[in-house]
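Working through the structure, step by step
The primary structure of each chain is shown beneath.
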Amino acid sequence: MRLLTREALLSFRRAPLLSALSVTTIAFSLFTVGLFGLIAINLREALRDLEERVEIVAFVLRGTPPETITLASQDIATFPEVLTVTYVTEDDALARARRELVEFRDAYRDLQVNPLPASLEIRLREGFRDAVHAAAVAERVRGFSFVEDVRFGRDWVEQLDGLRDLAGILGLVIGGVFAAVAIVIIGVTIRLTLLQRAREIHIMRLVGATNWFIRGPFLLEGALKGFLGGVLALVLCYAGYTAFRNNTSVLGGLVFFGPHHMFVIVVFGVFLGLFGSLVSVGRHLRTVSGRLDRRMV
Amino acid sequence: MIRLSHVVKTFPNGSLALKDVSFHVPKGEFVFLTGHSGAGKSTLLRMLYAEERPSQGEVRVGGHLVHALKADEIPRLRRRLGIVFQDFRLLEDRTAFENIAFALEVTGARADTIPARVTRVLTQVGLAAKARAHPRELSGGEQQRVAIARALVNDPAILLADEPTGNLDERATRGVFQLLRDINTSGTVVVMATHDLDLVRQTTYRTIEMREGSVVFDSADEARGEER
Ligand SMILES: Nc1ncnc2c1ncn2[C@@H]1O[C@H](COP(=O)(O)OP(=O)(O)O)[C@@H](O)[C@H]1O
Ligand SMILES: [Mg+2]
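Residues numbered from 1 in each chain as written. Chains lettered and ligands numbered in written order. Predicted model: local features only at pLDDT ≥ 70, side-chain atom pairs only at ≥ 80, totals over all residues. Heavy atoms only, no water.

Focus: helix 1 (residues 41–48) of chain B
All names here are of chain B. Put simply, the test is: Note on classification: 1.4 Å probe, protein chains only; a residue is buried when its accessible area is under 20% of the maximum for its type, exposed when over 50%, partly exposed between these limits. Labels follow the DSSP assignment, with helices taken as runs of H or I lasting at least four residues and strands as runs of E lasting at least two, numbered in each case from the N terminus.
Burial runs high along helix 1: 8 of the 8 residues are buried. Within the sequence span of helix 1, burial applies to Lys41, Ser42, Thr43, Leu44, Leu45, Arg46, Met47 and Leu48. Count one or two residues on from helix 1 and you reach alanine 50, which has phi positive near 65°.

Structure (structure tokens):
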């Protein structure tokens, strides 16, 4: 184990520039993913407020007995998607209109007959505040005979869904491209290290070291670079996050990754490094040593 | 210990390096492999340590069917062999001691056994005093002794030497050759490729002569009065 670590660290000392290059590319690929991840997370955070307003309103036929409505609303409250059901009577509706719609206050005051229908306002649980679930609940509510019409802002809810996904997808695509570049660059640096250490590898093979033993240091090296890249990416993300937070006045504050997200990013870096070196070592180990054998004889 | 049966080696570029080579080397023997440059000596040795695979025929080394070994079985074979070359193949940035220890480390030897084993082989090749020297501080003969010590440190049953004295002056050649003889005396099979006929004539060891990929003379056949 000590040998493994020693040999793996050797390449950092012998090829500091190449090592730095691999670490940097991993860092940048993860930085991109991370940055868009941050945007997605903050967007989600911002949307959480908006989401709370996702609401289904069922307008009740005039003349329906309040008992029927109360009973039905109790029924609706047991739907798995439903958080709360509020019964808004005709009078409540009018009072609210007077309160909220200041411009029409006069108009409402002079009314002889209340034109506003009673309604059930249904709010959904978190995780169900999207178009699909809202539509499903609306459909079931429409089934009640006293319900005249059901409304929810379908377009608006759908836009919300789209926005939420966009940042995530964009981050994955751009990050994926960078990740591919990182793997290639790691491959190249490992290949150069392999050439640089062809003599060691050649002798290892001659004296009967197993392939895994020979690969070990290179894989460890790749994993180490990936780890460093991951950590560096987090640092960059944090720097970007701080800079953005200090230069804008987003109310409610921005959020950074939780420990869970940070862990995933670093693990992903390790995976990138490991994968890059595995591919490269697998492809070049024999060639490097064999070429040396013939040249040296 | 070593048995080749009808071994043929054709390289992808079409060159025919070995043509139907067969011979047997019993336990305890010292064998010279002679022949001009390009006769196929190195290729033959590479067959024995599984660096090349025969195109046809069978290669058996110490109970291993080398021609049929899978890649992951090769290390086990090589741990039973010691291999030395004309160009020593030492790591320049490590001392004599470290070069030998490297062979043990990378084959998974227990760390606490390594110093004693390295010291033992360094003493055996007469270089105990130079343990801390780097290759560039050693003469050619000394470097080859370090390489031999490295080959011996895993207690091989067979020592393969490809022109081990090819880069050495006469005095160093004699010293290295004597070392190989001593190693053979202690029971290790030695196969030594060389084109130094003076060396070959000094002894009565078995000699296999190759030419253009074929065995053209084997002193063992001669002794038994066989025709080839
Ligand atoms: N990897 C190879 N590819 C093609 N031809 C080779 C290769 N190795 C050796 N040969 C050829 O095989 C023949 C024997 O070479 P070699 O075994 O090195 O001879 P020796 O060691 O007796 O000088 C030569 O003609 C050489 O050119
Ligand atoms: Mg040769």
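Quick word on the nonpolar core
Inclusion rule: In this text, buried Ala, Val, Leu, Ile, Met, Phe, Trp, Tyr and Cys residues form a nonpolar core when linked through side-chain atoms within 4.5 Å. Residues count as neighbours in contact if any of their non-hydrogen atoms are within 4.5 Å of one another.
Ranked by size, the top nonpolar core spans 72 residues in total, and within it A:Phe257, B:Phe30, B:Ile100, B:Ile148, B:Leu180 and B:Met192 carry the most contacts. Residues within four places of B:Ile100 in sequence aside, it is in contact with B:Val118, B:Val121, B:Leu122, B:Val146, B:Ala149, B:Arg150 and B:Val153. By size, the runner-up hydrophobic cluster in this structure holds 34 residues, among which are B:Val25, B:Ile158, B:Ile208 and B:Met210.

What about the packing of aromatic side chains?
When we look at a pair of aromatic rings, we describe it by the centre distance and by the angle of the planes. Let me state the cut-off plainly: To pair, rings of Phe, Tyr and Trp, with the six-membered ring standing in for Trp, must have centres within 6.5 Å; the planes then decide the type, stacked if under 30 degrees apart, edge-to-face if over 60, and tilted in the middle.
Tallied over the full model, the rule gives 14 aromatic pairs over all chains. Summarising the aromatic geometry, the rings of A:Phe28 and A:Phe31 are spaced 6.2 Å apart at their centres and angled 80° between planes, so their arrangement reads as edge-to-face. With A:Phe28 and A:Phe31 both in helix 2 (residues 16–52) and 3 residues apart, the pair spans about one turn of that helix. The class of A:Phe28 is partly exposed, set by a relative accessible area of 39%. Overall, the relative accessible area of 17% leaves A:Phe31 in the buried class. When the centroid spacing of 5.9 Å and the interplanar angle of 90° are considered together, the rings of B:Phe30 and B:Phe177 count as edge-to-face. Placement of the pair is B:Phe30 in strand 3 (residues 30–34) and B:Phe177 in helix 6 (residues 170–185), with a sequence separation of 147 residues. On the basis of relative accessibility, which here comes to 2%, the residue B:Phe177 falls in the buried class.

A few points about the pattern of salt bridges
Worth spelling out the cut-off: One speaks of a salt bridge when a side-chain nitrogen belonging to Lys or Arg is within 4 Å of a carboxyl oxygen belonging to Asp or Glu.
Scanning the model with the defined rule gives 23 salt bridges over all chains in all. Salt-bridge contacts for A:Arg142 lead to A:Asp149; the nearest nitrogen and oxygen are separated by 4.0 Å. A relative accessible area of 37% places A:Arg142 in the partly exposed class. Close ionic contact of B:Arg206 with B:Asp218 constitutes a salt bridge, the shortest N to O distance being 2.7 Å. Of this pair, B:Arg206 sits in strand 9 (residues 206–211) while B:Asp218 sits in strand 10 (residues 214–218), and the two are 12 residues apart along the sequence. There is no split in this pair, since B:Arg206 and B:Asp218 are both buried. A network of salt bridges, in which partner residues are shared, links A:Glu139, A:Arg142, A:Asp149 and A:Arg151.

Bear in mind that shape data such as this cannot, by itself, settle questions of function.
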